[in-house]
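# Structural features, examined
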Amino acid sequence: MAMAIKASLLLLVFLSSAIVSFSLYEDQVGLMDWHQRYIGKVKHAVFHTQKAGRKRVIVSTEENVVASLDLRHGEIFWRHVLGTNDAIDGVEIALGKCRNHLHYMWCSAISGYVITLSSQGSTLRAWNLPDGQMVWETSLHSAQISKSLLSVPINLKVDKDYPILAFGGGYLHAVSAIDGERVLQPPESSIIYVLGFLHSSEAVVYQIDSKTGEVVAEKSMVFPDGFSGAVSSVSSDKIVVLDSTRSILVTIGFLDGDISFQKTPVSDLVEDSGNAEILSPLLSNMVAVKVNRRTIFVRVGGEGKLEVVDSLSDETAMSVSLPVADDQVAFASAHHEGSKIQLMVKLVDDLETVLLRESIEMDQHRGRVDKVFINNYIKTDMSNGFRALIVMEDHSLLLLQQGAIVWSREEGLASVTDVTTAELPVEKDGVSVAKVEHTLVDWLKGHMLKLKGSLLLASPEDVAAIQEMRMKSSGRSKLTRDHNGFRKLFIALTRAGKLFALHTGDGRIVWSMLLNSPSKSEACERPSGISLYQWQVPHHHAMDENPSVLVVGRCGSDSSAPGVLSFVDVYTGKEISSSDIGHSVVRVMPLPFTDSTEQRLHLIADTEGHVHLYPKTSEALSIFQREFQNVYWYTVEGDDGIIRGHGMKSSCAGETADEYCFTTKELWTVVFPSESEKIISTLTRKPNEVVHTQAKVNTDQDLLYKYVSRNLLFVATVSPKGAGEIGSVTPEESALVVYLIDTITGRILHRLSHQGCQGPVHAVFSENWVVYHYFNLRAHKYEVTVVEIYDQSRAENKNVWKLVLGKHNLTAPISSYSRPEMFTKSQSYFFAQSVKTIAVTSTAKGITSKQLLIGTIGDQILALDKRFVDPRRTLNPSQAEKEEGIIPLTDSLPIIPQSYITHSLKVEGLRGIVTAPAKLESTTHVFAYGVDLFYTRLAPSKTYDSLADDFSYALLLITIVALVAAIYITWVISEKKELSEKWR
Amino acid sequence: MDKGKAVMGAGRRWAVDFSDQSTVPSSRDILDPPGFSRASPEQDDSATSRQKKDAEATWKLQQKAWEVAQSPFKNLMMMGFMMWMAGNTVHLFSIGITFSALWQPLSALQSVGKIFESFKDNKVELLMPKLVFLALNLGGLALGIWKLNTLGLLPTHASDWVSSLPPPQEVEHSGGGFAFH
């Protein structure tokens, strides 16, 4: 008996300490997670609209994606995300393997290859057009960095094969389309003319034999003024460039290997011209020049004579010319007129002939037209029809046809730069929930179905119905706040400067707003968004105010350019106000103070070392002045290896200063020796992280006090030699050093050196611990190290009676100047995967245990319990430690396939993971962004504070009813029995 | 017996009433048998026997009271055994045992008057049994509390008082980092 009890107890212990791992059942996919696929801002587009096969457009984007889109609906047929350093320089469609002598067009329709040139012209790849499988890859030899070009000439035929010409890295290559091999044996020789520039002041013409690749003739000519900017090739023997002053157009003719220059000042063409810029479109015998906020079309005459033929507003986007019927060449241009965009297709030779003029209503928040790609088709009446693929300023991609938008893709979301969360509005009274939800009968029916499912009685149709019901269930996409805080908004700022509000329920865009919509003032042209802050989060005494976010932007790319602040209402997506702040923006520092309307105080530092307080109200000023002495800021100068700490000094003096500007004084500097250490990563805790307790209780009730401080900076440095790629140095040459620095006093609290290790370092900092990931050159493995920081000076607070009576100073405010003593515990493990980013779950009260969210190189997200990276792990934990949940030490961290929270999906081009707490303590929102977006809800310790979604209320109800009935029946029986007993 | 019966049945000739305690024999026609003294200490004898009886009853009562007073000891032993069986981890079994170990002495202490009511007698000495009973139950209670403590359910460690304390506020605030690019 005793043995049995003991055994069952042991079993209980074992069960309670078993590792909880996150996993999903197949039918739970998509219940609370969503995934959106994007491609990014389109750079090149090639239409493929031959009659045979499906109509598609092949695009390459700035996110290094090559994709095939369905031309009818805009869906992705296939897509490939190349690496971050593998930028695509050109995309073309070429013939694949054609057995017999088919016509070129016909052949490409059935077995075309998509050819991409990437990595500065050093990698050439062919993808199968229908399914996107890679057919071959050739790496081209390159000597230096140069512009790269890809060309698939359709008139150059070499032995049943149409070779591809690729230029890059100073070399011209002719490559066979069939297998990617270099073409060696062309049957007939022809001359390829190549024009190049040397040292930007000398033009060279090479004549290359296409058979052997030999240079037949070479001729160079010096142009003393020098060249600059883009090149526009107007015909097969002429190009137009700008000289270095950008005021003279130079026509270079290279007919038959002779070079001739012809200079035409831009001022001859247009009056009061400024700097000119050549636009890239390839128009025959014509060059488009952007000057004076106008785009002018200049025709290049036979003798190199230039003449202006047309001019348009500079916000016009133009397409590459497209051959239409009868040897005519057309091009498209698109520009804004009010809220509409005008799309025009004209003939190149005759600009008066407008083949197509359409005006299409366009959402103002898409901005201006950035790029146009056109494609023609033959209508039923044998006339030419045109469809245009346009890329807008917010990076969205639209297909226009017959004066309407056929489809649109929000490709701005592929380049999210900053994310924050926001609450939804509270549900107003008067809106009956019952109307939105089901009726009672439906509710009961639904639960009966679920019950059937849980009792394994459901037929396949029932299962499908259950699944459908779950997908739609409980108004998960409603636009109001819910009790558990599951419905929220993620506000994302994109590289294009557009804000998107995404609903956590289904991922749809609730609103979107372009920061620089065309209606804006001209004072700041095209501001770029930098970062995003929660400006106002009303929850206590400003409930009737709408929450808002602050978008910090900048007018121009220079760091000294004046900044722009924009305040956006989260509920409506409307801009409340925006202001040009008149000073530069170097750093933004949200302060832990709010004013009476719950607006958060922010300090913005400029390039002159001044800080500016926002909001500019007297209330904010008085709050700030109260804390004036306690506000510090620090700067990290990565190039010099210096970290500086600053304190507030006084109000700004000077004529331009206002009372919200303050000067700072330098308090401390940490200088890293530049010959041995280079800063590669810095990190602080998230400012809004909630920590539940300051104590860490060990097995035998032993107490450790966590050193929980927001003023801690984690810095990782490597030796300058080891700053390159992994494996570029020997273990002896490289060392990784990590520091924990107090940002108030500049004190180095902890220093840890890893010999023979190398970056990149990916770290996460939460509560009192840092976990970082790096490469160990000696072991040829990635490693993960955890460092936990504990406060030694509080360790004496162990007297129970003092604690009971409250005679301790554990909750008294602490200052970094009190120089608390601390000690650290750390441990390292091997980790099998390369990492892109690491985040940690965050919950409302900070009670729930944490999970690390590791974005792996495979663009998936792995959830790893913090218990695996616990410095208290030992090889043989004692019984008590085991009961506490300490996992025996292993040399590497386990990768459990079920704990990939992205399950079968990939977040292509993963760049960041954002977590936000739900109201329910057990649950946290996880949002990952890259080229794709992914959202899910996680419960690191399972949902201990709520019933499972699939909890069978019907079963509960039935059980209760059955019990009540049983009680009633037994009561009646016992009454009867009692009565008969009495009669006896 | 038969003889006696027969004698009795045939008619009584004489009878001596031993219980007649009157000292005057005149009421009877027959003299007392020689040696029979009516002033014999018969009365004292019966008194002592009654006393004896009483004493016996009292003693028995006392004994019973002691028995009741000592009964928690057995309980104590059993509890101790059960507790040892339950182990030192918190789960349903150990919690149940511990709470029953706490509840039994408590309820016993509450009803201590009732339990000893049946022994209530002027002559029965109840103070000591009550004290012992109390002591043993208190011992049981202590055992329960000790068990509670070994389970870690009593806030006797510093950790129990600190773990609800939030981290201290910081006086200074700082921010910054790399410059925006």
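Treat the numbers as computed from the prediction; the structure is a model and nothing was measured. (Residues numbered from 1 in each chain as written. Chains lettered and ligands numbered in written order. Predicted model: local features only at pLDDT ≥ 70, side-chain atom pairs only at ≥ 80, totals over all residues. Heavy atoms only, no water.)

## Describing the confidence of the model for chain A
Residue and element names in this part refer to chain A. Inclusion rule: pLDDT is a residue-level measure of predictor confidence that goes from 0 to 100. Should any heavy atoms of two residues lie within 4.5 Å, those residues are counted as being in contact.
For chain A, per-residue confidence averages 81 on the pLDDT scale, and 85% of positions sit at 70 or higher. With pLDDT under 50 throughout, residues 1–21 is counted as low confidence; its partners more than four residues away or in other chains account for 20 contacts. This model gives residues 430–437 a pLDDT under 50, and the stretch forms four contacts once residues within four places in sequence are excluded.

## Looking at the pattern of salt bridges
All names here are of chain A. Rules: For this document, the term salt bridge refers to a Lys or Arg side-chain nitrogen within 4 Å of an Asp or Glu carboxyl oxygen. Buried residues are those whose accessible area, probed at 1.4 Å on protein chains only, stays under 20% of the maximum for their type, while exposed residues exceed 50% and partly exposed ones sit between those limits. A run of DSSP states H or I qualifies as a helix once it reaches four residues; a run of E qualifies as a strand once it reaches two. Both are numbered from the N-terminal end.
What the rule picks out here adds up to 27 salt bridges over all chains. When the shortest N-O distance is used, the salt bridge between Arg-644 and Glu-637 registers 3.0 Å. According to the relative accessible area criterion, Glu-637 is partly exposed, its value standing at 23%. For Glu-732, the salt bridge is made with Arg-778, and the minimal N-O distance between the two is 3.7 Å. Remark: Arg-778 occurs in the loop between strand 54 (769–776) and strand 55 (781–791) and Glu-732 occurs in the loop between strand 50 (712–718) and strand 51 (735–742); sequence separation between them is 46 residues. According to the relative accessible area criterion, Glu-732 is exposed, its value standing at 60%. Among the residues examined, Arg-778 registers a relative accessible area of 47% and is labelled partly exposed. One salt-bridge network, in which partners are shared between bridges, spans Arg-366, Asp-394, Glu-410 and Lys-498.

## What to know about unusual backbone geometry
Residue and element names in this part refer to chain A. In this chain, Tyr-614 is followed by Pro-615 through a cis amide linkage whose omega measures 0°. Mapped onto the secondary structure, Pro-615 falls in the loop between strand 43 (610–614) and helix 7 (618–626). Residue Pro-760 follows Gly-759 across a cis peptide bond; omega there is 0°. Relative to the helices and strands, Pro-760 is located in strand 53 (residues 757–766). The backbone of Asn-64 sits at a positive phi, close to 60°, despite the residue not being glycine. Tracing the backbone shows Asn-64 in the loop between strand 3 (56–61) and strand 4 (65–70). On the accessibility criterion, Asn-64 (6% relative accessible area) is buried. Although it is not a glycine, His-395 sits at a positive phi angle of roughly 75°.

## Details of the side chain of A:Ser842
All names here are of chain A. The test is simple: Polar contacts here mean pairs of N or O atoms no more than 3.5 Å apart (in protein, one a potential hydrogen donor and the other a potential acceptor; neighbouring residues in sequence count only if both atoms are side-chain atoms).
Counting through the fold element by element, Ser-842 comes out in the loop between strand 57 (835–840) and strand 58 (851–856). At a separation of 3.3 Å, a polar atom in the side chain of Ser-842 contacts the side chain of Thr-915. With residues near it in sequence (within four places) discarded, Ser-842 still touches Lys-686, Lys-850, Thr-915, Ala-916, Pro-917, Thr-923 and Thr-924.

## Notes on the domain arrangement of chain A
This is how it is decided: Residue ranges for the domains originate in an automatic or database domain assignment.
Assigned domains within chain A: domain 1 (42–188), domain 2 (316–414), domain 3 (596–671) and domain 4 (956–983). For domain 3 of chain A versus domain 4 of chain A, the separation of C-alpha centres amounts to 77 Å.

## Side note on the packing of helix 3 (residues 92–110) of chain B against helix 5 (residues 127–150) of chain B
Packed helix pairs are specified by the crossing angle of their axes together with the interaxial distance, meaning the distance between the axes. Residue and element names in this part refer to chain B. So the rule is basically this: For helices, the axis comes from a line fit to the C-alpha atoms of the stretch in contact; other axes are also lines fit to C-alpha atoms, and the angle between any two N-to-C directions lies between 0 and 180 degrees. Oblique is the label for any angle not under 35 degrees, not over 145, and not in the 65 to 115 range, which are roughly parallel, roughly antiparallel and roughly perpendicular in turn. When the near helix sits turned anticlockwise from the far one by under a right angle, the crossing is termed left-handed; a clockwise turn instead gives a right-handed crossing. Gly is put with the polar residues, along with every residue not named as nonpolar or charged; the nonpolar set is Ala, Val, Leu, Ile, Met, Phe, Trp, Tyr, Cys and Pro, and the charged set is Asp, Glu, Lys and Arg.
In the contact formed by helix 3 and helix 5, the axes pass within 8 Å of each other and the chain directions differ by 155°. Taken together, helix 3 and helix 5 sit at an angle that is classed as roughly antiparallel. Where helix 3 crosses over helix 5, the two elements pack in a sense that is left-handed. Contacts between helix 3 and helix 5 pair Thr-98, Phe-99, Ala-101, Leu-102, Pro-105, Leu-106, Ala-108 and Leu-109 from the former with Phe-133, Leu-134, Asn-137, Leu-138, Gly-140, Leu-141, Gly-144, Ile-145, Lys-147 and Leu-148 from the latter. The class makeup of the residues in the contact of helix 3 with helix 5 is 13 nonpolar, four polar and one charged.

## Digging into the UniProt feature "transmembrane region" (unreviewed entry) in chain B
All names here are of chain B. Applied cut-off: UniProt positions are given in the numbering used here, feature names are shortened, and annotations may be inferred rather than shown by experiment.
Here the UniProt feature "transmembrane region" (unreviewed entry) sits at residues 81–106 and 126–146. As annotated, residues 81–106 has a helix share of 81% and a strand share of 0%, and its two end C-alpha atoms lie 19 Å apart. Each end of residues 126–146 is marked by a C-alpha atom, and these two atoms are 29 Å apart; helix forms 95% of the span and strand 0%.

## As for helix 3 of chain B
Residues and elements named next belong to chain B. Which entries qualify depends on this criterion: What a helix is expected to span follows from its residue count: subtract one and scale by 1.5 Å. Think of the arc as the fan of directions from the helix axis to the C-beta atoms.
The terminal C-alpha atoms of helix 3, which comprises 19 residues, lie 26 Å apart, in line with the 27 Å expected from a rise of 1.5 Å per residue. Of all the positions in helix 3, only Ser-94, Ile-97, Thr-98, Ala-101, Leu-102, Pro-105, Ala-108 and Leu-109 are classed as buried. In an axial view of helix 3, the angular spread of the buried residues amounts to 140°, which keeps them on one side of the axis. Residues Leu-92, Trp-103 and Gln-110 are exposed on helix 3 and point more than 90 degrees away from its buried face.

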